Amino acid sequence: MAKSKIVITSAIAVGFVGVTYVILKYKIRSRKAEDILKNLDINIVTTKAQCDEVVNEIRRRSTLHQAIGFDCEWVTENGNRQPIALLQLSTFDGFCGLFRLNLLKEVPMSLKELLEDKNIYKVGVAPVDDAKYLIQDYSIYVKSTLDVRHIVELTGHAAGGLAALANTYLGIVLDKNWRIRCSDWAAEELTERQIHYAATDAYVAIKIFVDIINTYNRDFWFFRWSRNSDRHWGKIHGLCSRYADVGYKVKNIKGSHKENKKSKEKTITKKYSHSPRSRPLYHNCFMEAPDGEVLCTCDTKKAKWYLDNKLATLIKDDPLTIRLAFEPAGRSVGEVGRYYTLVKENKCVVCGAMDSYIRKNVVPREYRKYFPDVMKEHSCHDVVLLCRACHQRSNMLDRGVRTSLAIQCDAPIAELGVRFIEDPAAKKLRSAARALLYEGKKNKLPEQRVKELEKIVLAHYPQEDAVTDDILQEAANIDYKHEKTDYESHGSKVVNYYIENESLLRLEEIWREHFLKSMSPMYMPELWSVKHNEERLRVRFNEGRMTDKEVMLTGL
């Protein structure tokens, strides 16, 4: 009996300690959630001198973790992305650099070298995309981008967007209002809210990364922690190199992180370039005319925009229904109009899978982008949802139609020699510079070969006496392919051919018929039609809302 009492007492004591620990941990976390963003050291960079100073400090502070938070912001005008205006970098201790690239005359070498340093991970959500834009806009070849969602998976948690991860791991609610996200990042002066938003995104990314790595390397004994031990950071490359510059959900990684680097490089492959949607495509909110007639369904964001701008009033919350405060340009007419009023399901239209889906443009964008505006309107009819497997199969089957159109319209699909001209001398220079830059420094090249390569480089820099790192960096990034001045894209030539010889409506129908025949979809939206645009445009024409030029271009 005495023994039983001791056991019960011990169990209660352990339970009490556990509960106390959870409560204390929650309180500490809540306090940190309130204070964690107040201690950021934010540095706005607009000159080369400031840039060099901030970059040096970032390098110094990132020595232990060998990683920095990374994000970019830009302006979109009329649907077109403008060059990146703001680059955000942050260290784990809250030192943030906001580099205003639009105000710098050129990207300072110190910043370029930091971004191209493969030994420092640039951590964020979808950093591969930002890196791609930096190449396009500033010829900066960012190395060792790391999507933090790869690391999240190591802990067995589901990966979401940055806001969801910040809330889960840090107890922080990020400001993700669309007004700040879509604000003018190229303005002469950034607002306090913009500065805080930009710095926070970069800081939260590195904060989550470090916390997860520490957790992953923690000893799993009861109340025994290895958080104060930094030994595991010396092995960070063994854990993270497999994910460097690999887009999230597009990798095929085999084996464990204990494999040697050579083995990892062989097993990492880009499996598929499209990631499933994390949010539904169809929100099925309703928009009404002033007299209560249903005009169409729309997404939540669009409905709230009308409400925020006092252009509509709220009728009910579930389903979200708004009523316009003005008479719309047109109303739903006939079957073609009723299509836009129907509720649509978020599932693969081919097999019915509902766990994940990807947008599929039945009429590919490479053609539609050259259509007249009157045919681009209501293009949602030709956007359907497919699961990953069906999406991949559909894209493969599309190649046959593209090839047929290329032959019919004398519109070669872009290849080297069709779109671009190679400059052999520039290609040879770039190859030599890269060999010296990446292999020469490792002493992997014979001395004689180094001299031969240096001779090739100096032949293009006759004013220089010796090969320097700056010369090699410049030569290694030289563009040796040039677009032909008379080049016309495949899509543009096909569209022009159909305008002159058949009709754009027929080109649309070819792609819709192909999709139905090749994929045999079982769950297409009700009233989806091969001749949808022709029927829609005839209604518009009968209402006198089409010009003669629009009629001619569409082939109506």
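For the structure itself, look to the data block above.
What this report covers is the structure whose coordinates are included nearby. Throughout this document, residue positions are counted from 1 along each chain, in the order its sequence is written. Two thresholds apply to this predicted model, a pLDDT of at least 70 for residue-level local features and 80 or more for giving and counting side-chain atom pairs, whereas whole-chain, interface and lining totals are computed over all residues. Derived side-chain values reflect all non-hydrogen atoms in the structure, with water molecules and hydrogen atoms excluded from consideration.

### What to know about the sheet that holds strand E8 (residues 145–147)
In space, the six strands of this open sheet follow the order E1-E6-E5-E2-E7-E8, with mixed pairing throughout. At either end of the open sheet lies a strand with only one pairing partner, and these are strand E1 (41–45) and E8. Here the strands of the sheet are splayed against their neighbours by 30° on average, with no regard to which way each runs. A pair of strands is treated as paired once DSSP finds two or more bridges between them. Secondary structure follows DSSP: runs of H or I at least 4 residues long count as helices, runs of E at least 2 residues long count as strands, and numbering of each begins at the N terminus. With three bridges connecting them, strand E2 (residues 67–73) and strand E7 (residues 121–124) associate as parallel partners. Looking at E7, one finds that Ile68 is bridged to Lys122. What makes two residues a contact is simply this: any of their non-hydrogen atoms within 4.5 Å. To define axes, lines are fitted to C-alpha atoms, for helices over the stretch in contact only, and angles between the resulting N-to-C directions are given on a 0 to 180 degree scale. Sheet strands in contact with helix H8 (residues 192–216) are E1, E2, strand E5 (86–90), strand E6 (95–100), E7 and E8, and its direction is about 145° off that of E2.

### Comments concerning the environment of Leu165
When you line up the elements, Leu165 lands in helix H6 (residues 162–170). For the exposure calls, accessible area comes from a 1.4 Å probe over protein chains only, and a residue counts as buried if that area is under 20% of its type's maximum, exposed if over 50%, partly exposed in between. The exposure class of Leu165 is buried, given its relative accessible area of 2%. Not counting the four nearest positions on each side in its chain, Leu165 is found in contact with Val125, Val148, Arg149, Val152, Ala159, Gly160, Leu170 and Ile208.

### Notes on the nonpolar core
Put simply, buried Ala, Val, Leu, Ile, Met, Phe, Trp, Tyr and Cys residues joined by side-chain atoms within 4.5 Å make one nonpolar core. In this structure, Leu146, Ile151, Trp185, Ile208, Phe209, Ile213 and Cys240 are the most contacted members of the largest nonpolar core, which totals 41 residues. Every element with two or more residues in this core is listed here: E6, E7, helix H5 (148–154), H6, H8 and helix H9 (236–240). Per-element accounting of this core gives the leading share, 13 residues, to H8. Ala303, Tyr306, Leu324 and Val349 belong to the second largest nonpolar core, which has 26 residues in total.

### A look at the side chain of Asp398
Inspection of the secondary structure puts Asp398 in helix H15 (residues 388–408). In this view, Asp398 contacts Lys360, Trp511 and His514; residues no more than four positions away in its chain are not counted.

### Let's talk about the sheet that holds strand E9 (residues 285–288)
Reading across the sheet, the four strands line up as E10-E9-E12-E11 and stay open at both edges, with mixed pairing between neighbours. Edge positions in the sheet fall to strand E10 (294–298) and strand E11 (312–317), since each has one partner strand and no second. Here the average twist between neighbouring strands, direction ignored, is 25°. The pairing of E9 with strand E12 (residues 320–324) spans three bridges and is classified as parallel. The partner of Glu288 across the bridge, within E12, is Arg323. Most of the contacts of helix H11 (residues 300–308) go to E12, to which it runs at about 40°, and overall it touches E9, E10, E11 and E12.

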